[in-house]
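Descriptive structure summary
Here's the letter readout for the chains.
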Amino acid sequence: MGVPLHDCPPAAPPTPTAAAAADPASAGTAVPAAGLRVGPRLRRLLQGPLADESAELRQVLWRTLDEVPALQAFELLWTVVVALMAWRASGADWPLAWLAIEAACLPLRGRGVGSARAEAWRPLRMTANVLRLLAMGLGAMAALWLGDLALTALAPVLVVGMLAVVVARWAALPRLAAAVVLVDGALLWAGLAGSPLPGLLGPSCMIPAGAAAFWLLLHHNHRMLLQLLQLQFENRRLSLQDPLTGLPNRREFTERLARLREAGQSTRFAVLCMDLDGFKRVNDQHGHDAGDQLLAQVAQRFRGLLRQQDAVCRVGGDEFVVLLPGAEATVATQVAQRLLQEVARPFTLRDGVTVQVGLSVGIALCPGDGQDGAHLLREADAALYRAKRAGKGCWRHAGALAAD
Ligand SMILES: Nc1nc2c(ncn2[C@@H]2O[C@H](COP(=O)(O)OP(=O)(O)OP(=O)(O)O)[C@@H](O)[C@H]2O)c(=O)[nH]1
């Protein structure tokens, strides 16, 4: 290591931030799981194995259920045609009740889609969808019981068409979709079996085979969709992660910085640019593999020291960047001091070799040293360069707080 820490002001007692950073158990609060807000048992029942997937992935899957307005218009048209025909044929009130349910569900089925409240309205949308599908099954069954020839042709087409839509679009919820197929399939079967028209019992026996085909399609759709999403998520994770240390990489760091800046003009945070001192010597003396092990252990120590809302990223060979949301100068300095001390402790590598390196840190603050993320990074990098020039093993502030 270069110049000892006395080049920096003496270490102050840990602040609540630094204390929390040192104790990962007390750091941060758990992010609430996103997605449908139903009881855990019901969610498990509906989602099945999906409950083990990440909340983010489940949310994307759920979003595939959101209704398409054009599709809803066609579905409405079909139901209106069959229900009005049943009303004319029977003169009874039940087709009107069927239409009333369809009409009442229509605005609820698209409620909140595309808005910030989309997630909150999802249970309502799902309830409305299930209710109208049930009404449609019952309505078609009753229409078949009338024995009207045109209705006998149209009602099964309506049910089968609806089930095809469910199978095509409800791959996110295969269990619920399968239940809808079974219930509406059973109602269709009951309608055909109970029709006063002769000869329908035989064709009605085809319904279990049809339901099985629908179920196979549904299962296939679900597996494909899940695999696609899993790949998409894995690709994204790999593109944002440094494979050696498991830390976020430069791209992820830039995105987090941008998100922080988007949070508002008054956002306060600190950027710490860090570079190991004497790392090349470890590579030269013990080999590249030892250097890799050292980098992974350094990353582990950094992670153990920081709060959950802080971010530490590996942005180059032995270069790391830390983002401290909400931190002002004192806290940033104290965190830099603790990081320095952490790295200064010897590292024991896999084959028992003990190595020692140091750390130099450059600190830039938002808003004091600038507002723009790229500018702050440059400022912190310049401060790091000054720390290196000052003899390494120390930290330096950017801009107004710079001592030299
Ligand atoms: N083992 C390993 N070495 C790497 C990796 N990426 C870069 N390096 C090496 O890390 C070294 C970084 O160079 P420097 O930062 O100049 O080395 P240093 O000894 O820390 O120099 P100072 O910062 O001036 O103290 C170079 O020798 C690179 O070849 C990596 O992924 N694994």
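Conventions used here
Residues numbered from 1 in each chain as written. Predicted model: local features only at pLDDT ≥ 70, side-chain atom pairs only at ≥ 80, totals over all residues. Heavy atoms only, no water. Axes fitted to C-alpha atoms, helices over the stretch in contact; angles between N-to-C directions. Helix = DSSP H or I, 4+ residues; strand = E, 2+ residues; numbered from the N terminus. Left-handed = near helix turned anticlockwise from the far one by under 90°. Contact = heavy atoms within 4.5 Å. Nonpolar A, V, L, I, M, F, W, Y, C, P; charged D, E, K, R; others polar. Pairing = 2+ DSSP bridges. Phe/Tyr/Trp six-rings, centres within 6.5 Å; stacked < 30°, edge-to-face > 60°. Buried < 20%, exposed > 50% of the residue type's maximum accessible area, 1.4 Å probe, protein only. Lys NZ or Arg CZ within 6 Å of the ring centre and 35° of its normal. Near = heavy atom within 4 Å. Polar contact = N/O pair within 3.5 Å; in protein donor to acceptor, adjacent residues only side chain to side chain. Areas by Shrake-Rupley, 256 points an atom, 1.4 Å probe, with all protein chains shown as cover. Core = buried A, V, L, I, M, F, W, Y, C linked by side-chain atoms within 4.5 Å.

1. As for the packing of helix H13 (residues 288-305) against helix H14 (residues 329-344)
Close contact between H13 and H14 brings their axes to 10 Å; oriented N to C, the two are set at 145°. The crossing of H13 and H14 is right-handed. Contacts between H13 and H14 involve Val-298, Arg-301, Phe-302 and Leu-305 from the former and Arg-338, Leu-339, Glu-342 and Val-343 from the latter. The residue inventory of the contact of H13 with H14, partitioned by class, reads five nonpolar, no polar and three charged.

2. Points about the sheet that holds strand S7 (residues 395-397)
Sheet strands associate in pairs through backbone hydrogen bonding, adopting either a parallel or an antiparallel arrangement. Taking strand neighbours across the sheet as the criterion, the five strands line up as S2-S3-S1-S6-S7 in an open arrangement whose pairing is mixed. The sheet is open, and its two borders are formed by strand S2 (311-314) and S7, each paired with just one other strand. Between one strand and the next, the sheet's axes are offset by a mean angle of 20°, whatever the strand orientation. Note: strand S1 (residues 269-277) against strand S3 (residues 319-325), seven bridges, orientation antiparallel. Paired with Ala-270 across the two strands is Leu-324, which belongs to S3.

3. Structural notes on the packing of aromatic side chains
Per the stated rule, a full pass over the model turns up one aromatic pair. Residues Phe-302 and Phe-320 carry aromatic rings whose centres are separated by 5.2 Å and whose planes lie at 80° to one another, so their mutual orientation is edge-to-face. Note that Phe-302 is positioned in helix H13 and Phe-320 in strand S3, a separation of 18 residues in sequence. Like Phe-320, Phe-302 is buried. Across the ring face of Trp-121, the terminal group of Arg-111 is positioned such that the distance to the ring centre comes to 4.2 Å. Taking NZ or CZ as reference, Arg-301 lies 3.6 Å from the ring centre of Phe-347, over its face.

4. So, the site of the ligand
As a structural note, the neighbourhood of the ligand is formed by 16 residues, with Asp-275, Asn-283, Asp-292, Arg-314 and Lys-388 the closest of them. The backbone of Phe-279 places a nitrogen or oxygen atom 3.0 Å from an oxygen atom of the ligand. In the model, an oxygen atom of the ligand is placed 3.0 Å from a nitrogen or oxygen of the Lys-392 side chain. Relative to its unbound accessible area of 660 Å², the ligand is 66% covered by the protein chains. Looking at the shell around the ligand, the elements with two or more residues in it are S1, helix H12 (279-286) and H13. Here the element with the most residues in the shell around the ligand is H13; it accounts for four residues. Considering only residue class, the shell around the ligand consists of three nonpolar, five polar and eight charged.

5. Section: the nonpolar core
Counting residues in hydrophobic clusters, the biggest one holds 42 residues, and the most contacted among them are Leu-61, Leu-65, Trp-98, Met-126, Leu-133 and Trp-170. Those elements giving two or more residues to this core turn out to be helix H3 (55-63), helix H4 (69-90), helix H5 (94-109), helix H6 (118-145), helix H7 (149-169), helix H8 (174-193) and helix H10 (207-239). At eight residues, H7 tops the list of elements feeding residues into this core. Sequence-distant contacts of Leu-61, that is, excluding residues within four places in its chain, are made with Leu-50, Ala-172, Leu-225, Leu-226 and Leu-229. Ranked by size, the runner-up nonpolar core spans 36 residues in total, among them Leu-305, Val-322, Val-331 and Ala-332.

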